[in-house]
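What follows is each chain in one-letter form.
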Amino acid sequence: MNKKEITIALAGNPNSGKTTIFNNITGARQHVGNYPGVTVEKKYGYISYRGYKINVVDLPGTYSLTAYSEDEVVARNYIINENPDIVIDIIDSSNIERNLYLATQFIELGVPLILAFNMSDITKSKREKIDISLLSKLLASPIVETVGHKNKGIKDLLDAAIRHIENKDRQEIKIKYGEEIEIELEKISAIIQDKQIFPEKLNHRWIALKLLEQDKEIIDKIREESREVYQEIELEVDRSIKHLSNILRDNPATIIADSRYGFIRGALAETRKETEIEKVSVTDRIDSILTNRIVGLPIFAALMWLMFQFVFKIGAYPMDWIDMGFGKLGELISNVMPEGLLQSLIVDGIIGGVGGVIIFTPNIILLFLCIAILEDSGYMARVAFIMDRVMHKIGLHGKSFIPMLIGFGCTIPSYMGSRILENRKDRLITMHVNTFMSCGARLPVYILLAGAFFPNIAGNIIFSIYVIGIVMAILMAKLLRATRFKGESAPFVMELPPYRVPTFKGVLLHTWERTWLYLKKAGTIILAISIIMWILFTFPMIGKNYSNDYDLEIDSLEQSFESNEITQEEYEESISEIEAKKGAEQLSYSAAGRIGRFTEPVFKPLGFDWKLAVASISGIAAKEVVVSTMGTLYSIQEADEESETLRENIASEYNPLIGYNFMLFTLLYFPCMAGMAVFRREAGWKEMFFQIGYTLLLAWVVSFVVFQIGRLFI
Ligand code: GDP
Ligand code: MG
């Protein structure tokens, strides 16, 4: 029987024990030669083991696989060109963090990899405890502990190598470089794919990465292949590098290297059993506090709290100015335009509706500004890391928390972001709970209601809603895991990138992108729905017979005023009272009013009248519409020109319990129609209907309980 032949390449940092292990494996059967074209010594040998002829190559020691030194190029080219069956990365385990840097590059290259944690005799005495089996899962590579000079663990290493080669479904993991770099990587890979200058087996993402790192070898290779292709690729790469340097304020190569260290730091932080972290860098020192088991979560909560104070308190000023501006605009139009339907459409429908949403732009800008700073500084990655621990406790993985964090901005990208979870069950659970991470579109509803009912503690109230959202997401995830989606979640590295001072440009860009989306939505979908809502509130119009009674009342008031029985003040007050009554009657007579009254029985146990019912239903289109609908509604009801603000109207009509309950309801039911369309695309009809159904049910039950218990106390 012919022996199966396999080739193992031994790689690793200088002095990690490669040659020692090489000698242990091959004994006397070794040869020394040179790598082609260079003076770097090549040591190779073989051994017969368990029916295999195993060829072993001792690669030159390198810290990295960039093309900076001859040794690095030799090691890399050997792996790329000679295609060893497996790479064993010999790691000096007394210096894991630094040694794993090379390992991340093998992972990136996508070669079958085994990690030998050598020098494990030293680590044992240092008592640094790492959960090796978890780390091995996180890196998707077997880890074997060895002591080179004592010949310990060498058989295990060979066994692991054979097993890993025979294993047909090896997992592949990816190191993520952040949204901006990922986008550029995709663009460059697409061109490489298109031009077919590299063999199919070479990972295109890796080549793109090398190009962003300005790897001379790879660039030369493309140039040799075809000048034309080179020029095209160079153009794209240069553009990418300029763009990235511009927004990240640093060379992409540096950011990429930082991300690799972030990946390692995350993997180690997750697997370290004792928090004996050597605090060498500033990042490590900050991390020992921010990701601390005890204070990490309270710090996150405190930062969130500060954020909402800031968003509400600072945002209140410009909000009032814009509010006043729209009020004046409405008055102006009412004065210059003849009274009638068109005037009502513009003043009540469009200004009342769209204006009601636009006035929250300053708050939205501030919220997105805070989120952008937290994201760009590297803190959000820590939040995911802290939450990872919480999620582990309830049988989930913190990877789910990354798309959830995106949900603070908008739920739609967070549904799409859930794709990073390979396991379908994990992905579906995450998508089903993403909705509770309160999105930017819900913020206007909270600011309106918190401002109306809790003017002095509005920031705290809004904060509490966000916290309830997070808690609800965790509870529901646990519930779904225990029922519909039973099973284990797959392990994954939570990257901990180094902290950076966010760049002015980057933060501004992120804030602007999201604010612009908000404004665009106000100008399109919310405008359209406002007009539809205005029509539904205006038609059918109440008949002459009904309004006759009011006209008679007004006539008699006029007479009393003319004969000086009442003062002008009393007269005006009574008139606006009658107008309001008339408006209210028209509203309840309108199509929307009928829908509201028809559905009222469902909402009544929650403390909501037909108006809040209509607002909730219209919010299905987009959550901001809840506000615009209320704006239109009260604008129609308040027929007089010196109208009160929407906030004052709401405050006079409902109590704080109903106000808070309405915020809860808005938080909990599914985000919007566009969101559901994306949900269906990502997960199918069945899951979409499940999402709609269970969030509606949950929103109803929670609001029911809160209202029924709350009203016992007021
Ligand atoms: P290379 O540069 O990666 O080829 O490293 P070498 O194989 O030359 O080893 C460097 C030094 O580390 C030598 O002095 C070895 O004896 C020593 N060494 C190798 N493995 C171990 C180990 O597991 N524990 C300890 N304490 N020393 C080791
Ligand atoms: Mg050596």
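Residues numbered from 1 in each chain as written. Chains lettered and ligands numbered in written order. Predicted model: local features only at pLDDT ≥ 70, side-chain atom pairs only at ≥ 80, totals over all residues. Heavy atoms only, no water.

Chemist: Before we go on, may I ask you to explain the site of ligand 1 in this structure?
Modeler: Inspection of the region around ligand 1 gives 15 residues, with Asn15, Lys18, Thr19, Thr20 and Gly148 positioned closest. Note that an oxygen atom of ligand 1 is positioned 3.1 Å from one of the backbone N or O atoms of Ser16. Relative to its free-state accessible area of 580 Å², ligand 1 is covered by the protein chains to the extent of 70%. Put simply, the parts of the chain that give the shell around ligand 1 at least two residues each are α1 (18-26) and α4 (120-126). The greatest single-element share of the shell around ligand 1, amounting to 3 residues, is contributed by α1. Residue composition of the shell around ligand 1, by class: 4 nonpolar, 9 polar and 2 charged. (Near = heavy atom within 4 Å. Polar contact = N/O pair within 3.5 Å; in protein donor to acceptor, adjacent residues only side chain to side chain. Areas by Shrake-Rupley, 256 points an atom, 1.4 Å probe, with all protein chains shown as cover. Helix = DSSP H or I, 4+ residues; strand = E, 2+ residues; numbered from the N terminus. Nonpolar A, V, L, I, M, F, W, Y, C, P; charged D, E, K, R; others polar.)

Chemist: Help me understand the pattern of salt bridges in this model?
Modeler: Where charged atoms from two side chains of opposite charge approach closely, those side chains can pair. Using the criterion set out here, one finds 24 salt bridges in the structure. In this structure, Asp215 and Arg76 form a salt bridge, with 2.6 Å as the shortest nitrogen-oxygen distance. Placement of the pair is Asp215 in the loop between α8 (204-212) and α9 (216-225) and Arg76 in helix α2 (residues 70-82), with a sequence separation of 139 residues. Each member of the pair Asp215 and Arg76 is classed as buried. The partner of Arg382 in a salt bridge is Asp287, with the nearest N and O atoms 2.7 Å apart. Of the two residues, Arg382 sits in helix α16 (residues 379-393) while Asp287 sits in helix α12 (residues 282-290), which places them 95 residues apart along the sequence. For Arg382, a relative accessible area of 0% puts it in the buried group. Three or more residues joined by partner-sharing salt bridges are found here, namely Glu108, Lys210, Glu213 and Arg260. (Salt bridge = Lys/Arg side-chain N within 4 Å of Asp/Glu carboxyl O. Buried < 20%, exposed > 50% of the residue type's maximum accessible area, 1.4 Å probe, protein only.)

Chemist: What should I look at first to understand the pairing of strand β4 (residues 52-58) in this one?
Modeler: Regular strands show a simple pattern: their side chains alternate between the two faces of the sheet. Of all 7 residues that make up β4, 6 are buried, and the element is covered over most of its length. Pairing analysis gives 7 bridges linking strand β1 (residues 4-12) to β4, with the strands arranged parallel. Its bridge partner being in β4, Leu10 is matched across the sheet by Asp58. The pairing of strand β3 (residues 41-49) with β4 spans 7 bridges and is antiparallel. When the bridges of β4 are listed, Lys43 appears paired with Asp58. Taken together, β3 and the strand that follows it, β4, pair antiparallel across an intervening segment of 2 residues, in which Arg50 is found at a positive phi of about 45°. (Pairing = 2+ DSSP bridges.)

Chemist: What's the story with the packing of aromatic side chains in this structure? I'm lost.
Modeler: Aromatic rings in a pair are described by how distant their centres are and how their planes are angled relative to each other. Under the counting rule described, the total for this entry stands at 19 aromatic pairs. Note on Phe308 and Tyr466: the rings are 4.1 Å apart at their centroids and 40° apart in plane angle, and the pair reads as tilted. Of this pair, Phe308 sits in helix α13 (residues 296-336) while Tyr466 sits in helix α21 (residues 458-482), and the two are 158 residues apart along the sequence. Taking the relative accessible area as the measure of exposure, Tyr466 reaches 2% and is therefore buried. For the pair Tyr446 and Tyr466, a centre-to-centre distance of 6.0 Å together with 80° between the ring planes defines the contact as edge-to-face. Of this pair, Tyr446 sits in helix α20 (residues 443-453) while Tyr466 sits in helix α21, and the two are 20 residues apart along the sequence. By relative accessible area, which is 0% here, Tyr446 ends up buried. Ring pairs connect the aromatic residues Phe603, Phe608, Phe662, Phe665, Tyr669 and Phe670, which therefore count as one cluster. Directly above the aromatic system of Tyr44 lies the positively charged group of Lys42, at a separation of 5.6 Å from the ring centroid. We note Arg484 situated over the ring of Phe690; from NZ or CZ to the ring centre the distance is 4.1 Å. (Phe/Tyr/Trp six-rings, centres within 6.5 Å; stacked < 30°, edge-to-face > 60°. Lys NZ or Arg CZ within 6 Å of the ring centre and 35° of its normal.)

Chemist: Would you explain the pairing of strand β6 (residues 113-118) in this entry?
Modeler: Within β6, 6 of the 6 residues are buried, leaving the element largely enclosed by the surrounding structure. Here β6 shows no split at all, with Leu113, Leu115 and Phe117 on one side and Ile114, Ala116 and Asn118 on the other all buried. The pairing of strand β5 (residues 86-92) with β6 spans 6 bridges and is classified as parallel. Along β6, the bridge assignment pairs Asp92 with Asn118.

Chemist: Teacher, can you tell me more about the sheet that holds β6 here?
Modeler: Adjacent strands of a sheet form backbone hydrogen bonds with each other and so pair up, either parallel or antiparallel. Ordered by their spatial adjacency, 7 strands build an open sheet running β2-β3-β4-β1-β5-β6-β7, and the pairing between neighbours is mixed. Two strands close off the open sheet at either side, each with one partner strand: β2 (30-34) and β7 (143-145). Neighbour to neighbour, the strand axes of the sheet diverge by 25° on average, direction disregarded. Helix α3 (residues 96-109) rests against β1, β5 and β6 of the sheet, and its axis sits at about 165° to β5. (Axes fitted to C-alpha atoms, helices over the stretch in contact; angles between N-to-C directions. Contact = heavy atoms within 4.5 Å.)

Chemist: Looking at this model, I keep getting lost on a nonpolar patch on the surface. Mind explaining?
Modeler: A surface patch of nonpolar side chains, amounting to about 840 Å² of accessible area, comprises Leu697, Val701, Phe704, Val705, Ile709, Leu712, Phe713 and Ile714. Along the polypeptide, Leu697 turns up in helix α31 (residues 685-710). Judged by its relative accessible area of 56%, Leu697 is exposed. (Patch = residues over 30% accessible without salt bridge, like charges linked within 9 Å, V, L, I, M, F, W, Y side chains within 5 Å.)

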